[in-house]
Amino acid sequence: MTQRYDLAVLGSPVAHSLSPVMHQAGLEALDLTGSYVAVDVDERGMRRYAEMIRDGELTGANVTMPHKRLAAGLSDALTETADRAGAVNTWYRNDGRLSGDTTDVHGVREVISRRLLPTANILILGSGGAAASALVACDGMPVSVSARSTSKATRLINDTAVEAELVEWGAAVAGALILNATPIGMRGESLPRGLVEAAAGFFDMTYGSGPSPALLEARSNGLPTADGIDLLAAQAEESFRIWTGMRPPDGLFERVARNASRSANAPPIQEGSE
């Protein structure tokens, strides 16, 4: 009997999600039977889909804004990285139990490697779920955290159990790779002045309808950069592997996501990281 893969992305809103085009392309490229759909759900809907995966009605699901922390709480088991990050973006069935993982952590590491981003010093901006994944991904590297709320940044460091320095919001760190895990820039907003100027690289974990002012500045300064679609594709590849046991063809997910984003003039989304 042919294995069928019934998959979904759960969140609200999800109408403009790029996940369906990536995963459908992966299924077709590998000649796998199945489908991947976007489903707008509230908390009650999340609980229903959790049961569908436990019962085997659904192979698995991605989880995006605003339900990643809820997904962690609904899971029967968490991977170590999901437990540390306190968030889940990938659900799958394991021995009849609902298991949760965060492939965002894998995605951050993969993008840093693919884009040859410098890691001698790292500055993470933000204190939410995206920042948590970034911090866990950078465990063992020289890393600092900066957020508008000092108490939230401190709690983030403590919750993830990553050794990191606390930096005042807006303070530049010379020679650092900046990981922007805030929504700043998705609608054309600018980061505090001087941050990018002092940086050695820039990784915008979110994306909107076009490059953010900070990303454009980093590129004009000749810095190595990465963006939210890089992350979206890398974390999606890992989710696909978890569900199917296979990897999509190299570069496929990024290519179809960028094409879909350009053709749809996609509005700001934080799907890959928050």
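Let me begin by describing the structure that accompanies this report. (Residues numbered from 1 in each chain as written. Predicted model: local features only at pLDDT ≥ 70, side-chain atom pairs only at ≥ 80, totals over all residues. Heavy atoms only, no water.)

### Looking at the pairing of strand β5 (residues 90–94)
Threshold: For two strands to pair, DSSP has to find at least two bridges joining them. The helix and strand labels rest on DSSP assignments: H or I over at least four residues marks a helix, E over at least two residues marks a strand, and numbering proceeds from the N terminus.
Here three bridges tie strand β3 (residues 60–63) to β5, and the two strands are oriented antiparallel to one another. Bridge pairing in β5 places N62 opposite T90. Pairing analysis gives five bridges linking β5 to strand β6 (residues 97–101), with the strands arranged antiparallel. Across the sheet, the residue bridging to T90 is D101, located in β6. Linkage of β5 to β6, two consecutive antiparallel strands, is achieved through a turn of two residues, within which D95 is found at a positive phi near 55°.

### Quick look at the environment of G228
Spelled out, the test is: Burial status follows relative accessibility: with a 1.4 Å probe on protein chains alone, a residue under 20% of its type maximum counts as buried, one over 50% as exposed, and anything between as partly exposed. Working rule for contacts: check all heavy atoms of both residues, and any pair within 4.5 Å makes them a contact.
Within the fold, G228 resides in helix α9 (residues 228–244). Assessed through its relative accessible area of 0%, G228 is described here as buried. Beyond its immediate sequence surroundings of up to four residues, G228 is in contact with D204, M205, T206 and Y207.

### Observations regarding the side chain of D230
Selection criterion: Residues adjacent in sequence count toward polar contacts only when both atoms are side-chain atoms; beyond that, a polar contact is any pair of N or O atoms within 3.5 Å, and within protein one must be able to donate a hydrogen and the other to accept it.
Among the secondary structure elements, D230 is positioned in helix α9. In terms of polar contacts, D230 uses its side chain to reach the side chain of R115, at 2.6 Å. Among the polar contacts made by the side chain of D230, one reaches the main-chain amide nitrogen of D227 at a distance of 3.0 Å. Not counting chain neighbours up to four residues away, the residues in contact with D230 comprise V111, R115, E254 and R258.

### Some details on the pattern of salt bridges
In plain terms, the rule: Definition used for salt bridges: Asp or Glu carboxyl oxygen within 4 Å of a side-chain nitrogen of Lys or Arg.
In this structure the tally under the stated criterion is 16 salt bridges. The salt bridge partner of E51 is R54, with a shortest N-O separation of 2.6 Å. Here the residue E51 and the residue R54 both occupy positions in helix α2 (residues 43–54), the gap between them amounting to three residues, near one helical turn. Accessibility expressed as a relative area gives 38% for E51, which makes it partly exposed. When its relative accessible area of 18% is taken as the criterion, R54 is described as buried.

### Side note on unusual backbone geometry
Following S12, the chain continues to P13 via a peptide bond in cis, the omega torsion being 0°. Along the chain, P13 falls in the loop between β1 (4–11) and α1 (19–29). Residue P66 follows M65 across a cis peptide bond; omega there is 0°. You can see P66 is positioned in the loop between β3 and α3 (68–74).

### Observations concerning the packing of helix α6 (residues 129–137) against helix α7 (residues 150–160)
Our working rule: Lines are fitted to the C-alpha atoms to define the axes, a helix being fitted only along its stretch in contact, and any angle between axes, read from their N-to-C directions, falls within 0 to 180 degrees. Reported orientations rely on four angle classes, namely roughly parallel under 35 degrees, roughly antiparallel over 145, roughly perpendicular from 65 to 115, and oblique for the rest. Handedness of each helix crossing follows the sense of rotation of the near helix against the far helix: counterclockwise by less than a right angle gives left-handed, clockwise gives right-handed. The classification used treats Ala, Val, Leu, Ile, Met, Phe, Trp, Tyr, Cys and Pro as nonpolar, Asp, Glu, Lys and Arg as charged, and all other residues, Gly among them, as polar.
Where α6 meets α7, the closest approach of the two axes is 10 Å, and the angle between their N-to-C directions is 50°. In terms of axis orientation, α6 runs oblique to α7. Every pair of crossing elements has a handedness; the one defined by α6 and α7 is right-handed. Residues A131, A132, L135 and V136 of α6 pack against L156, I157 and T160 of α7. Taken together, the residues of the contact of α6 with α7 break down into six nonpolar, one polar and no charged.

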